[in-house]
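Chain by chain, the residues run as shown.
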Amino acid sequence: MAVFVALGAFLMTLAGGWTAQRVTDRRHLVLGLAGGLMLGVVGLDLLPEALRAAGTEVFGVPAALLLFVGGFLLAHLVERLLAARRAAHGAGQHDHHRAPEVGLTAAAAMVGHSAMDGVAIGAAFQVGGGMGLAVALAVVAHDFADGFNTFTLTSLYGNARRKAVAMLFADALAPVLGAASTAFLAIPEWFLGGYLGLFGGVLLYLAAAEILPEAHHEHPARTTLLCTVAGTAFIWLVVGLAG
């Protein structure tokens, strides 16, 4: 049953990526929406789940929040190192921070997140059918956003369309494989919570430092801002319906 539900996530991920491909003439709106979706996923979905799963405190701070901050700083460090390396190799001033490796790394993190989504579906079905369906609804709904963001992130950093499509398919397959894996293993809840915290920090950095500034760079329009708010509100709706 878990793998069957994960196939829905597979289709929704592809639908999200297809949508991101079709609207290249409205790139600023796509990026504004992607930023809003990522902000919503981090603040309204990943962080609450991470805090529930990894409830222990380290020196007065929840472990999930420490990993969240660590993920944000890690993404910043990786981007700075790649930018410095490209600058040293004579990249132009404008494009030196658009390192293709950052896009591929971010997309790979999305794939890892989707695999964990599949694991979450499988684990929830082990608890009970009702819990499994609730988690599956949340995962399938926000996998549209995952597919959208995976394609957008890979393309934004100058990777070829072929690579963006390959990462999209990997992201779509990941929840199916994740759900199938739960037949053979059980992931500790504290580990899952820590991972979600770390991944949330990386996603927030990409949204705040890269995607949203790029969305407003050439088109500082109100419609772009509305797309960002709409993306966040959509995730809130998904979380509320699944709750």
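Each remark here, short or long, concerns the structure printed above.
Computed from a predicted structure; not experimentally measured.

(A) Structural view of the pattern of salt bridges. Under the criterion given, the structure shown has 2 salt bridges. Measuring nitrogen to oxygen at the nearest pair gives 2.8 Å for the salt bridge that ties Arg 52 to Glu 49. With Arg 52 and Glu 49 both in helix H2 (residues 27–53) and 3 residues apart, the pair spans about one turn of that helix. Judged by relative accessible area, Arg 52 falls into the exposed class, the value being 59%. Between Arg 80 and Glu 79 there is a salt bridge, with its nearest N and O atoms 3.5 Å apart. For Glu 79, a relative accessible area of 3% corresponds to the buried category.

(B) Just a nonpolar patch on the surface, in detail. A surface patch of nonpolar side chains, amounting to about 470 Å² of accessible area, comprises Leu 67, Leu 74, Leu 77, Val 78, Leu 81 and Leu 198. At 5 residues, helix H3 (residues 63–88) tops the list of elements feeding residues into the nonpolar patch. Looking at the element boundaries, Leu 198 is found in helix H7 (residues 189–217).

(C) Layout of the environment of Ser 155. As for its position among the elements, Ser 155 is in helix H5 (residues 129–156). Relative accessible area serves as the criterion here: at 28%, Ser 155 is assigned to the partly exposed category. Separated by 10 residues in sequence, Ser 155 and Val 165 have C-alpha atoms that sit 9.4 Å apart.

(D) Layout of the packing of aromatic side chains. Using the criterion set out here, one finds 3 aromatic pairs in the structure. Consider the rings of Trp 190 and Phe 191, whose centres lie 6.0 Å apart with planes at 85 degrees: the pair is edge-to-face. Judged by centre distance (6.1 Å) and plane angle (0 degrees), the ring pair of Tyr 195 and Phe 199 falls under stacked. Taken together, the positions of Tyr 195 and Phe 199, both in helix H7 and 4 residues apart, correspond to about one turn of that helix.

What counts and how
- Residues numbered from 1 in each chain as written.
- Predicted model: local features only at pLDDT ≥ 70, side-chain atom pairs only at ≥ 80, totals over all residues.
- Heavy atoms only, no water.
- Salt bridge = Lys/Arg side-chain N within 4 Å of Asp/Glu carboxyl O.
- Helix = DSSP H or I, 4+ residues; strand = E, 2+ residues; numbered from the N terminus.
- Buried < 20%, exposed > 50% of the residue type's maximum accessible area, 1.4 Å probe, protein only.
- Patch = residues over 30% accessible without salt bridge, like charges linked within 9 Å, V, L, I, M, F, W, Y side chains within 5 Å.
- Areas by Shrake-Rupley, 256 points an atom, 1.4 Å probe, with all protein chains shown as cover.
- Phe/Tyr/Trp six-rings, centres within 6.5 Å; stacked < 30°, edge-to-face > 60°.

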